[in-house]
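# A look at the structure
This is what each chain is made of:
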Amino acid sequence: VGASCPCTRRGNRGGMRSLEPAFSAALRRLPGGCFAKMPRSQAMSAVPPQTSLTNMCTYFHPWPKHRSMFIIYGSRRASSTSPMEESASKVGDMEISNSFNLESIYGGGMNAAATNGAEGQTGGEKRKAAAPAKPLGLGGVRRRFERGQKLSMVTAYDFPSGRFARQAGVELVLVGDSLGNCRLGLSDTVGVTMEDMLRATQAVRRGVDATGNATSPKPLVIGDMPFGSYLTMEDALRNAAAFRVAGADVVKLEGGGHLAPVVKALTNAGIAVMSHIGLEPQRALLQGGFRLQGTSAASAMDIIADAKELNGAGAVLLVVEMVPEEVGTAVQASVSCPVIGIGAGGKVAGQVLVCDDMLGMHGRPPSFAKMFVDVGRASTEAYENYVKEVRSGQFPGDKYSRHMPAEELQKLQQLLPQVQLQDTVQESADSPVVNGHTASSSRSQSTSGSFGFELLQGRLLPVQRHSAGVRLAGLAGARGISQAAGTSTGTRTEPQRLCSNAELIAWRRKVAEQGRRVAFVPTMGNLHEGHLELIDAAKQRADEAIVSIFVNPSQFASHEDLDTYPRTLEEDMQKLRERGATALFTPFANELYPTGIPGGTMVVPHFVEGKSEAADRPHFFSGVATVCLKFFNLLQPDVAIFGQKDAMQCVVIARMLEDLMLDHRIALHVVPTSREFDGVARSSRNSYLSPSMRQKAPAIYKALCAATSAAGASPGSVRSSVRRELESQELEVSYISVADTRFMNEKADEADLSNSVVSICCVMKEEGHRTCRLLDNVLVPAR
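Residues numbered from 1 in each chain as written. Predicted model: local features only at pLDDT ≥ 70, side-chain atom pairs only at ≥ 80, totals over all residues. Heavy atoms only, no water.

With that settled, consider a nonpolar patch on the surface. A cluster of nonpolar side chains, namely Tyr386, Val387, Val390, Phe395 and Tyr400, defines an oily patch on the protein surface of about 460 Å² accessible area. Along the polypeptide, Phe395 turns up in the loop between α13 (375-392) and α14 (406-415). Here Phe395 falls in the partly exposed class, since its relative accessible area comes to 32%. (Patch = residues over 30% accessible without salt bridge, like charges linked within 9 Å, V, L, I, M, F, W, Y side chains within 5 Å. Areas by Shrake-Rupley, 256 points an atom, 1.4 Å probe, with all protein chains shown as cover. Salt bridge = Lys/Arg side-chain N within 4 Å of Asp/Glu carboxyl O. Helix = DSSP H or I, 4+ residues; strand = E, 2+ residues; numbered from the N terminus. Buried < 20%, exposed > 50% of the residue type's maximum accessible area, 1.4 Å probe, protein only.)

Set out below in structure tokens:
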């Protein structure tokens, strides 16, 4: 109901002067049947900017019911006709417009028995399903309390949290000054201002009012008066009115019986009050910190006395925080209004939680709060996955990209011949894994997107090349870089952890009985995106993807980083869970080396001795081959998955399978090197790089690509050009190898470069940081 003309303002001498629309007042019904005068819109100030003292006082005193009824309806009796159906009229110099629905603030309309939702309808009428839900109001809260129904309250700070609370059906939504800790990054709530709180209240109000799919009544919105906003009576009245204008139905004050006069004044001004006792965060320093209150009988009686005094002054709701359950029970028994507890036990009328604690937004919540879902961890993973997909080029991909019509694209390409607007190379479907039955036996089967990697006699191992704008077969489009194939439906499977040989054998036997194929991915842990891409490949080629995490001591020399190698089992298990691995094998050293390390029997790949990486680490490949053979014997996988980055390791495993006649039952699949956005090959030891070392690292892959793609390139020209380029950038080259892909024999300088693996090791050194060896390679396909 509007009051005072919206386009004029009375001057100091009673004259009228024309102004822009600035202020318009309204009479609104309050609990108990009384009325109060307040601004019509939330966009207006709490009181007229310029007005007389007499008029100012009309905003802080209740209006008599009979006068309000007469102004609103033209009668002292409540009209049975809805206010929406009344026509506009004028009384004195006040413009009356009955377009405002009184039910929109406190619910129940003029008839206290007419309620909605869980409260029912007068005369037994059922609410139509299509009708929008009405506000619950203080009357609805009171009725639920009197019926013994537990009340739920959560904090909200913005539009989404307000909307979620409404959709969940909570009765009370608190726009808490915990906004400072949870959203503004403050260390406590003291720094929160009225401006902060009013903006948050407006947003929450919009979220609560947003209908969406909500069918429950609109909850009460409670504005938390921030520190310093009610130091004087004048401050309290002015700021509480501002909260009401911003959309709060109730205001909350922290403090005991000394605030009873403020509560009474606000109530007399038509502003409902929720009081907060027990632990009061705004004055926690004076209470000895954030600790349990009311632990002695005397202090408990003080809290109970505060509750009685505040309730008697007019508080319609009470919050009691961080007290023993017995104290919470006594408080509720001592007052007639609902008591909402937070860390006060379950024998009060209702409960309140900070929404961020409930959602796990900031890690472990307080001891009295339950984390119902770990949104914090899920959000962190989402951000990390996004960054990885952007850097790798997986996002946006075809699924999230839009393309020009073909004819327009052709025209644009003609106008911009210097820019390649369309990928000309498309990956073929992934070739079969190498085994005795399905692998290709001819180099001529290499396509523009894949080529043969001759690891086994007369057979080509299909490997897909990385190139800008080209998708890896079987991996692109179907899911992003960090999305597990097994989680596309929104479910996550916990990988079964196996810690002993006996457990692994029993697991394999059970899987074999079910007729399921097994793919095996051996790792040393500290998993990165490259490892996870191996799991993707494993899942594509078998029914079960099992991963081992074992830091193999037999492949480390005494001077190497066995003791300091990163061990991140918990993080690794989370990544495996997200990626959809079936099982995880984490044996102890005595399981794989029962007679000691390195054991009495070793696999020694003599054919690589003295060559490139084997010359730098003569012990390494014997340890790798030995532990892999142990894994193969225990697990008996159908497919073994390795990464191309360690090219000599792939060759060693392929030759071992062939020489020990295991290749007829274990297929070997090599997955292309996984790279960062700038071409750096992913490696667990990349974490050793300092910022300046990391900045130099992309030069390695660039030099390899430039040298091998140069016109007329030969093994000799590749070796010299790569070394020259990297040494010019002050990188130490340990070796540069151009070898065949079967025996890793170095090719002569003038030999054919085709079907070669070009490998490199650069040593990165910087004072104060670990020395880091970066390995990389590119494959030159057979022509």
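Having seen the model, we can carry on.
Further remarks concern the pattern of salt bridges. All told, the structure shown has 30 salt bridges when counted by the stated rule. The partner of Arg238 in a salt bridge is Glu234, with the nearest N and O atoms 3.9 Å apart. A residue pair is termed a helical-turn pair when its members lie 3 or 4 positions apart in one helix, as Arg238 and Glu234 do in helix α8 (residues 233-246) at four residues. With a closest N to O distance of 2.5 Å, Glu494 and Arg577 form a salt bridge. With Glu494 in the loop between β17 (459-464) and β18 (496-498) and Arg577 in helix α17 (residues 569-579), the pair connects residues that are 83 residues apart, well separated along the chain. The structure contains a network of salt bridges with shared partners spanning Arg205, Asp209, Lys218 and Asp249.

Right, let's get into the pairing of strand β19 (residues 518-523). Most of β19 is tucked away: six of the six residues are buried. Here β19 shows no split at all, with Val518, Phe520 and Pro522 on one side and Ala519, Val521 and Thr523 on the other all buried. Bridging between β19 and strand β20 (residues 544-549) involves six bridges; their strand directions are parallel. Each bridged residue has a counterpart across the sheet, and for Phe520 the counterpart in β20 is Ile546. Following the chain from β19 across helix α16 (residues 529-541) to the adjacent parallel β20, one finds a crossover that is right-handed. (Pairing = 2+ DSSP bridges. Right-handed = clockwise from strand over helix to strand, strands pointing away.)

So, about the confidence of the model for the chain. Model confidence for the chain is summarised by a mean pLDDT of 80, while 79% of its residues fall at 70 or above. The low-confidence segment residues 1-20 (pLDDT under 50) makes 48 contacts with residues lying over four places distant or belonging to another chain. This model gives residues 456-460 a pLDDT under 50, and the stretch forms 21 contacts once residues within four places in sequence are excluded. (pLDDT = per-residue confidence, 0-100. Contact = heavy atoms within 4.5 Å.)

The pairing of strands in a sheet comes from backbone hydrogen bonds and takes either a parallel or an antiparallel form. Within the open sheet, the three strands sit side by side as β24-β25-β26. Their pairing is antiparallel. Strands with a single pairing partner mark the edges of an open sheet, and in this sheet they are β24 (732-740) and β26 (772-780). Here the average twist between neighbouring strands, direction ignored, is 15°. For β24 and strand β25 (residues 756-764), the ladder comprises eight bridges, and the chain directions are antiparallel. By the bridge assignment, Tyr735 is partnered in β25 with Cys761. Its contacts with the sheet place helix α23 (residues 698-709) against β24, β25 and β26, and it is angled at close to 25° to β26. (Axes fitted to C-alpha atoms, helices over the stretch in contact; angles between N-to-C directions.)

This paragraph deals with unusual backbone geometry. The step from Phe395 to Pro396 runs through a cis peptide bond, and the omega angle for that step is 10°. Looking at the element boundaries, Pro396 is found in the loop between α13 and α14. Note that the residue after Ile597, namely Pro598, is joined by a cis bond; omega there is 10°. When you line up the elements, Pro598 lands in the loop between α18 (589-592) and α19 (612-616). One non-glycine residue, Met661, lies in the positive phi region at around 55°. Its identity is not glycine, yet Glu730 carries a phi of approximately 65°, on the positive side. Following the sequence through the fold, Glu730 ends up in the loop between α24 (715-728) and β24.

A word on the nonpolar core. The biggest cluster of nonpolar side chains holds 61 residues, and the ones touching the most others in it are Phe243, Val251, Leu253, Leu266 and Val331. Residue contacts for Leu266: discarding those within four places in its chain leaves Ala236, Leu237, Ala240, Val251, Leu253, Ile271 and Val273. Among the nonpolar cores identified, the runner-up in size contains 46 residues, and Ala583, Phe621, Val652 and Leu779 belong to it. (Core = buried A, V, L, I, M, F, W, Y, C linked by side-chain atoms within 4.5 Å.)

Helix length check: helix α7 (residues 194-209) (16 residues) gives 22 Å between terminal C-alpha atoms against 22 Å at 1.5 Å per residue, within 8%. Listed as buried for α7 are Met194, Met197, Leu198, Ala200, Thr201, Ala203, Val204, Arg205, Gly207 and Val208. Looking at the buried residues of α7, the elements they touch are α5 (159-168), β9 (172-175), α6 (179-182), β10 (220-224) and α8. (Expected span 1.5 Å × (residues − 1).)

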